[in-house]
Each structure stands twice: as structure tokens, then as C-alpha cells.
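Okay, here's what each chain looks like letter by letter:
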Amino acid sequence: TRLAKAVRFSILLALGVSSINLFLGAVYGAIEGYYGGVIDLVMERISDILNGVPFVVVVTLFQLHLASKVGVVISFLFAFVLTGWIGMASRGRMQFYRFKNQEYILAARTLGAKDSRLMFKHIFPNAIGTLITSAVLTIPSVIYSESNMTYLGIVNLDSSNMTSLGTMLSQGTSMLTTYPHIIL
């Protein structure tokens, strides 16, 4: 039962992180890719700065300072979202650069379509396949990162009604010296 709850938590966290990252990355990448120029340059530097911060540092700082105010799970979710959307934004940016000069976009622009309509009615439907594929592929990495952070003790998700795969693995390592057959 405990293992099932841990897996359920990991999957729900991964789905939540993936969904939020998809939304934030798609909007950020759409703005970057569509407008280009100075806007793209500034927004790309912001994402480069955020991408340069190690994930372990972000999680540790959030757990030390934010977890007492909003809770451990919400703090952990914020840590994943702070840097997780950057890859999605990059993919969205590439897709918007790819489609923004197509003939149907030029035709819609000639007929008087506004930028928001061009971005989200014409270009975004063509880019959504790549973004959704990317979002689905982030789910295993979120589960892996969550298990690592809880195994190392950086995040403590062990309570009476919640646990994590990493916490269970961490608690089980002491049993390996006494009962090595557990590995099998």
C-alpha cells in the first residue's frame, strides 16, 4: 500500500510538473519565436540564466526557505517548475521560428489577423505536437529527480499519509546489511 501511494504521488507530481511546464514553456517560447529580435534576445538571456542554476541548489534553497511557508510538496513543485519550462520554451521557440514565415501566416497577416490570432490560432496548432511529445518525455525525468532528491534526504516527504519512492529506498538501505537477499 505504501509503495502504491508513493508511485501515485510520483506520477501525479510528474503530470503536474509536465502540464505546468508545457503551458509556461509554450507561451514563453511562442512570444520568443514569434517576435524575435531584441525581445527574443532578452528572453533567451533570462532563460539562460535560469538554466545555469543547478537543480539541486534550487531544490535545497526552496526546501530551506519556502517549504515552511507553503509546504514541502508545493515547494518541490515550484523547484521543478522554476527551471523545467526552459526546454519546452526552447522547443516552442524553434517551432514558431519554423512556421512564422509560412505562406498561410503571411496570408492571414495580409487579411488583418492580429499577432495573438496568428500565434495561437495558426502557428500554435502546428507546434503543439512537438510540445506535447516533449512534455510526455519529461515525466520519467521528473520521477527520477524526485526519487533522487528524496533518497538523498534533500526533500523529506515521509509522513503518516505520504511517502516517496526515494524515501522508501533510503529507509530500506539499512536492511541490506542484515538481509542482502532483499536486493533480488
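Calculation criteria
For every chain, the first residue of its written sequence is number 1, and the numbers climb from 1 along that sequence. With the structure being a predicted model, the display of local features is reserved for residues of pLDDT at least 70 and the display and counting of side-chain atom pairs for 80 or more, all residues being used for whole-chain, interface and lining totals. Note: side-chain values were computed over all heavy atoms of the structure, leaving out hydrogens and water. Secondary structure is summarised from DSSP: a helix means a run of H or I of at least four residues, a strand means a run of E of at least two, and numbering begins at the N terminus for each. For a compact globule the rule gives 2.2 Å times the number of residues to the power 0.38, and the radius of gyration it is set against comes from C-alpha atoms. Relative accessibility decides the category of a residue: with a 1.4 Å probe and only protein chains considered, values under 20% of the type maximum give buried, values over 50% give exposed, and everything between is partly exposed. The contact definition used throughout considers only heavy atoms, calling two residues in contact when any of these lie within 4.5 Å. Distance thresholds for patches are 9 Å for like charges and 5 Å for nonpolar side chains (Val, Leu, Ile, Met, Phe, Trp, Tyr), applied to residues having over 30% relative accessible area and no salt bridge. To measure how exposed things are, a 1.4 Å probe is used in the Shrake-Rupley method; for residues, cover is taken only from the protein chains shown. For salt bridges, the criterion is a side-chain nitrogen of Lys or Arg within 4 Å of an Asp or Glu carboxyl oxygen.

Visitor: Before we move on, can you summarise the overall build of the protein with the specific residues and values?
Guide: Scanning the protein from terminus to terminus reveals 9 helices and 0 strands. Taken from N to C terminus, the helices and strands of the protein fall in the order α-α-α-α-α-α-α-α-α. The C-alpha radius of gyration of the protein comes to 21 Å, more than 25% above the 16 Å expected for a compact globule of 184 residues. Structurally, the protein occupies a C-alpha span of about 75 × 30 × 25 Å along its principal axes. The proportion of buried residues among the 184 residues of the protein is 35%. Once local pairs closer than 6 in sequence are excluded, the contacts in the protein between residues at least 24 apart make up 70%.

Visitor: Tell me about the environment of T133, residues and numbers included.
Guide: When you line up the elements, T133 lands in helix α7 (residues 115–151). The spatial distance from the C-alpha of T133 to the C-alpha of G16 is 15 Å, given a sequence separation of 117 residues.

Visitor: Got a sec to walk through a nonpolar patch on the surface? Specific residues and values, please.
Guide: On the surface, L3, V7, I11, L12 and L15 cluster together to form a nonpolar patch covering roughly 430 Å² of accessible area. Residue placement: L3 occurs in helix α1 (residues 2–35).

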